[in-house]
Amino acid sequence: MRKIIVSEMITLDGVMQGPGGPEEDVSGGFTYGGWTAAYGDEESGRIYQKQMQAADYLLGRKTFEIWENYWPQHDDFWPAVNAGTKYVLSATRKSSDWKNSVFLEGLEGIRELKKSTGPDIQVWGSSKLVQLLLQQDLVDELWLKIFPVTLGTGKRLFEGGPIPAAFTLTESSITPGGVIFANYKRAGAVKTGTAGA
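My aim in this report is to walk through the structure given alongside it, one point at a time. This structure is a prediction, so every number in the text was calculated from the model and none was measured. (Residues numbered from 1 in each chain as written. Predicted model: local features only at pLDDT ≥ 70, side-chain atom pairs only at ≥ 80, totals over all residues. Heavy atoms only, no water.)

Turning to the overall build of the protein chain, a few remarks are in order. Counting secondary structure elements, the protein chain contains 5 helices and 8 strands. When the elements of the protein chain are put in sequence order from the N terminus, they spell out β-α-β-α-α-β-β-α-β-α-β-β-β. Relative to a compact globule of 197 residues, whose C-alpha radius of gyration would be 16 Å, the protein chain shows 17 Å and is just as compact. Its C-alpha atoms give the protein chain principal-axis dimensions of about 60 × 40 × 35 Å. Here the protein chain, with 197 residues, has 45% of them falling under the buried criterion. A separation threshold of at least 6 residues defines the contact pool for the protein chain, and within that pool the share at least 24 residues apart is 69%. Put simply, the protein chain shows about 10200 Å² of open surface, and 54% of that area lies on carbon and sulfur atoms. Mean positive and mean negative side-chain charge positions of the protein chain (20 and 23 charges, respectively) differ by 6 Å. (Helix = DSSP H or I, 4+ residues; strand = E, 2+ residues; numbered from the N terminus. Rg over C-alpha atoms; globule rule 2.2 N^0.38 Å. Buried < 20%, exposed > 50% of the residue type's maximum accessible area, 1.4 Å probe, protein only. Contact = heavy atoms within 4.5 Å. Areas by Shrake-Rupley, 256 points an atom, 1.4 Å probe, with all protein chains shown as cover. Lys, Arg positive; Asp, Glu negative; His and termini not counted. Charge placed at Lys NZ, Arg CZ, Asp CG, Glu CD.)

The next point concerns the side chain of Asp-56. Here Asp-56 lies in strand β2 (residues 56–60). On the accessibility criterion, Asp-56 (8% relative accessible area) is buried. A polar contact is formed between the side chain of Asp-56 and the side chain of Arg-2, at a distance of 2.4 Å. (Polar contact = N/O pair within 3.5 Å; in protein donor to acceptor, adjacent residues only side chain to side chain.)

Strands belonging to one sheet form pairs held by backbone hydrogen bonds; the direction of such a pair is parallel or antiparallel. As summarised here, the arrangement of the 8 strands in space is β4-β3-β2-β5-β1-β6-β8-β7, forming an open sheet in which the pairing is mixed. At either end of the open sheet lies a strand with only one pairing partner, and these are β4 (101–104) and β7 (167–174). Each neighbouring strand pair of the sheet contributes to a mean axis angle of 20 degrees, computed without reference to strand direction. Direction of pairing for strand β1 (residues 4–11) relative to strand β5 (residues 121–124): parallel, over a ladder of 4 bridges. For Val-6, the partnering residue across the bridge sits in β5 and is Val-123. Of the strands in this sheet, β2, β3 (86–89), β4 and β5 are in contact with helix α2 (residues 61–68), which crosses β2 at around 115 degrees. The strands touched by helix α4 (residues 107–115) are β1, β2, β3, β4 and β5; relative to β4, the strand with the most contacts, the crossing angle is about 130 degrees. (Pairing = 2+ DSSP bridges. Axes fitted to C-alpha atoms, helices over the stretch in contact; angles between N-to-C directions.)

Most of strand β6 (residues 141–147) sits out of view: 7 of its 7 residues are buried. Side-chain alternation along β6 places Glu-141, Trp-143, Lys-145 and Phe-147 on one buried face and Leu-142, Leu-144 and Ile-146 on a second face that is also buried. Taken together, the 7 bridges between β1 and β6 define a ladder with parallel strand orientation. Following the sheet pairing, Thr-11 is matched in β6 by Phe-147.

As a further point, take α2. Looking at α2, one finds that the buried residues are Thr-63, Phe-64, Trp-67 and Glu-68. Seen end-on, α2 carries its buried residues on one side only, within an arc spanning 130 degrees. (Arc of directions from axis to C-beta.)

This next bit is on the side chain of Glu-68. With respect to the element layout, Glu-68 can be found in helix α2. Residue Glu-68 is classed as buried on the basis of its relative accessible area of 18%. A polar contact is formed between the side chain of Glu-68 and the side chain of Ser-96, at a distance of 2.7 Å. Excluding residues within four positions of it along the chain, Glu-68 makes contact with Arg-93, Ser-96 and Trp-98.

Listed below in structure tokens is the structure:
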């Protein structure tokens, strides 16, 4: 069985929309695109390179369309994304000229993909897809990059209510710019009790 790893850049208030640039995702009138730009440094670059190793990818249609117009021309920066298989959840798209692109129509396709053999499956961006995966308890790990900024508006990681779930921190670091990299793995059900007992 393959792991599904959700890898997201988020603000302190959980916004994940348009981290890469002003024109990346302006839906809903979002005007803060590129909010990660001020926090780049050597340490964060090192961690990103580690997280961008060979994998397959599960993407929502909108994220896929942003990527298919960008990454084929930037193979020098992230060759793994061009080499890996891109699985795209879409009710409207059926094909792409971007090599190694496979289109899935529904949740059952994702469940079958997870049961198959192969490399881990990373999800980047794709807010609606991530919310579906969290609601269906299909996320094995969360790789969060938490930036020291609040935006107050925009698509949020946990919008729509994930199922109650416990996670264990497996790796963390803080960059000089104040970005917290925190990796979590799924750890069963939520445990309750009395604080301090």
